[in-house]
Amino acid sequence: MAQRRIGLVGYGDVSVVHVGAIEAVEGLELVGIADLDPAARERATAETGVPAFATVEELIDALGPDAIHVTTPHDQHVGPSLAALERGVHVLQEKPLAHTLAEGERLVAALGEASRVPAPRADGGTGVPKIGICFQNRYNRASQELHRLLTSGELGAVRGAYASVVWTRTPEYYAAKPWRGRWQNAGGGLLINQAIHTLDLVQWLLGPVERTDGLVSQRKFAGITEVEDTAELLLHHADGVTTSFYATLTAPIARPVELEVETDLAYAEVRSGTGGGLTVHWKDGRVDSFSERVATAGGRSYWGVSHEELIRDFYASLDDPAPFWIGPAEAMASLRILKDAYRISGVGN
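Every chain is numbered independently, its residues counted from 1 as its sequence is written. The predicted origin of the model limits local features to residues at a pLDDT of at least 70 and limits the giving and counting of side-chain atom pairs to 80 or more, whereas totals for whole chains, interfaces and linings rest on all residues. Water and hydrogen atoms play no part in the side-chain values, which are based on all heavy atoms of the structure.

### Notes on the sheet that holds strand β5 (residues 90-94)
Part 1 of the argument: Whether two strands pair depends on DSSP finding at least two bridges between them. Counting from the N terminus, the helices are DSSP H or I runs at least four residues long and the strands are E runs at least two residues long. With parallel pairing, 6 strands are arranged side by side in an open sheet as β3-β2-β1-β4-β5-β6. For this open sheet the edge positions go to β3 (52-53) and β6 (131-134), each flanked by a neighbour on one side alone.
Part 2 of the argument: Pairing of strand β4 (residues 67-70) with β5 involves 4 bridges; the strand directions are parallel. Opposite Ile68, over in β5, you have Val91 as the bridge partner.

Structural data, given as structure tokens:
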């Protein structure tokens, strides 16, 4: 893989995963960081040894990176991505695509317009700069194997599915970074910040969600945040199959994320975390198990183990003229599901 020079925009919690992955993937070099917060810039330079800038524009103009990684708060995702796209720079952006549907659609439209009138790419390649969105749990072994079994038809027809994200948060979590609890900045709570990865997997594995029923609510953090901490949903897929979906941040400790699929020929269970993976209970008595990889990049275990795999794949794809397979248009699917849940609950933006 050609040597790529990378800029990072937003030196917050999840940036440690990206810095670790950039260091781990051969051919990538972190050259600069941008953050609006002077204290974050000082910390970034001290910890990484690269120069720091206030804005993405300053970073790109000064250093001319081939790509940037966007790891900012949700309402600051689209701006840096648009600035990079205009300058011919590739983008790898953290989830969610955006904090509102309108912002997400703006990025989708901008990428479409760039495809019609390609500008010179910063890395000297041909075609449109790529934009990838970090739904790294699609790269988990369990997810990949279950997707293969479902699409091949080996499991038979799908009868239904269940998914749960039962985690814990504290008032201190929101006090440390108040944007997490505000509609204006985060665009939501539990669904957009924590459970979005599982929503993405559900629609990727089982097909588009045509209708959402259910309710989001504040069960524990009313008065502390504006946003939801619990969701009880029924997701209606295009083929008539439904997924029962439950998520909450009210548990005393975090449980493994669960995804279970009932089919004509088997019952498949995915579990996250240490010792996690896929178990397929065939109705003829066989049991197949597929263990998960161990994370090599830094960060919390519940972020998943496959950031590095997604990042490696993104850069390996840059010379391919096709768009990256998890791009803005693809990422709109999970954003629409959770925004539908907010709409029917009468909350959100």
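### Brief notes about the pattern of salt bridges
Part 1 of the argument: Salt bridge criterion: a side-chain nitrogen from Lys or Arg within 4 Å of a carboxyl oxygen from Asp or Glu. With the rule as written, the count across this model stands at 24 salt bridges.
Part 2 of the argument: In this structure, Asp123 and Arg4 form a salt bridge, with 2.8 Å as the shortest nitrogen-oxygen distance. You can see Asp123 sitting in the loop between α5 (101-116) and β6 and its partner Arg4 sitting in strand β1 (residues 4-9), a full 119 residues away along the chain. Across the pair, exposure class does not vary: Asp123 and Arg4 are buried alike.
Part 3 of the argument: Here Glu258 and Arg255 are joined by a salt bridge, their closest N and O atoms 3.2 Å apart.
Part 4 of the argument: Residue class for Glu258 comes out buried when judged on its relative accessible area of 11%.
Part 5 of the argument: According to the relative accessible area criterion, Arg255 is partly exposed, its value standing at 42%. Partly exposed residues are those whose accessible area sits between 20% and 50% of the maximum for their type, while under 20% is buried and over 50% is exposed, using a 1.4 Å probe and protein chains only.

### Comments concerning the packing of helix α4 (residues 78-86) against α5
Part 1 of the argument: Look at α4 against α5: their axes get within 10 Å of each other, and the N-to-C directions meet at 10°. Considering their axes alone, α4 and α5 lie roughly parallel with respect to each other. Each of Val78, Ser81, Leu82 and Leu85 in α4 lies in contact with α5, whose residues at this interface are Glu103, Arg106, Leu107, Ala110, Leu111 and Ala114.
Part 2 of the argument: Gly counts as polar in this scheme, as do all residues outside two lists: the nonpolar Ala, Val, Leu, Ile, Met, Phe, Trp, Tyr, Cys and Pro, and the charged Asp, Glu, Lys and Arg. Residues that form the contact of α4 with α5 fall into these classes: 7 nonpolar, 1 polar and 2 charged. Each axis is a line fitted through C-alpha atoms, and for a helix only the stretch in contact is used; angles between axes span 0 to 180 degrees, taken between their N-to-C directions. Here the angle decides the label: under 35 degrees means roughly parallel, over 145 means roughly antiparallel, 65 to 115 means roughly perpendicular, and every other value means oblique. Only heavy atoms enter the contact rule, under which two residues are in contact if any of them lie within 4.5 Å.

### Observations concerning the confidence of the model for the chain
Part 1 of the argument: Known as pLDDT, the predictor's per-residue confidence is scaled from 0 to 100. In this model, the chain carries a mean pLDDT of 95, and residues with pLDDT of at least 70 account for 96%.
Part 2 of the argument: When the criterion is pLDDT under 50, residues 297-304 qualifies, and its contacts beyond four places in sequence or with other chains add up to 18 contacts.

### Some thoughts on the pairing of strand β7 (residues 158-166)
Part 1 of the argument: Inspection of the sheet shows β7 paired to strand β11 (residues 258-263) by 6 bridges, in the antiparallel sense. In the strand pairing of β11, Ala163 is matched with Leu259.
Part 2 of the argument: Sheet analysis places β7 next to strand β10 (residues 242-248), joined by 6 bridges and oriented parallel. Paired with Val165 across the strands is Ala247, a residue of β10.

### Comments concerning the packing of aromatic side chains
We describe a pair of aromatic rings using the distance from one ring centre to the other and the angle between the two ring planes.
Part 1 of the argument: Side-chain rings of Phe, Tyr and Trp, where Trp is taken by its six-membered ring, are said to pair if the distance between their centres is within 6.5 Å; with planes under 30 degrees apart they count as stacked, over 60 as edge-to-face, and otherwise as tilted. Taken as a whole, this structure holds 7 aromatic pairs when the rule is applied.
Part 2 of the argument: Ring geometry for Tyr173 versus Tyr174: centroids 4.9 Å apart, planes at 85°, classification edge-to-face. The same class applies to Tyr173 and to Tyr174, which are both buried.
Part 3 of the argument: Geometrically, the ring pair formed by Trp204 and Trp325 is tilted, given 5.7 Å between the ring centres and 55° between the ring planes. Here Trp204, found in helix α10 (residues 196-206), pairs with Trp325, found in the loop between α11 (307-316) and α12 (328-345); they are 121 residues apart in sequence, far enough to count as distant.
Part 4 of the argument: Of the residues examined, Trp325 reaches a relative accessible area of 33% and is grouped as partly exposed.
Part 5 of the argument: Through a chain of ring-to-ring contacts, three or more aromatic side chains come together here, namely Tyr139, Trp204 and Trp325.
Part 6 of the argument: As a reminder, the over-ring test applies to NZ of lysine and CZ of arginine, requiring each to be within 6 Å of the ring centre and within 35 degrees of the ring normal. Taking NZ or CZ as reference, Arg180 lies 4.0 Å from the ring centre of Tyr173, over its face.

### Quick word on the side chain of Ser143
Part 1 of the argument: Examined against the element boundaries, Ser143 turns out to sit in helix α6 (residues 141-152).
Part 2 of the argument: Setting aside chain neighbours within four positions, we find Ser143 in contact with Asn137, Arg138, Leu201, Trp204 and Leu205.

### Describing α11
For an α-helix, the turn length of 3.6 residues means that residues three or four places apart are oriented alike.
Part 1 of the argument: When we look at burial in α11, the residues that qualify are His307, Glu308, Leu310, Ile311, Phe314 and Tyr315. One side of α11 holds all its buried residues, which, seen down the axis, span an arc of 160°.
Part 2 of the argument: Contact partners of the buried residues in α11: β1, α1 (15-24), β2 (28-34), β4, β5 and β6. An arc is given here, and it is the one of the directions from the helix axis to the C-beta atoms.

### Some details on helix α2 (residues 38-48)
Part 1 of the argument: Counting of polar contacts relies on pairs of N or O atoms within 3.5 Å, with two restrictions inside protein: one atom must be capable of donating a hydrogen and the other of accepting it, and residues adjacent in sequence are counted only when both atoms are side-chain atoms. At the N-terminal boundary of α2, the capping side chain belongs to Asp37, with an oxygen 3.1 Å from the backbone nitrogen of Ala39.
Part 2 of the argument: Trailing α2 by a residue or two, Gly49 shows a phi angle of about 80°, which is positive.

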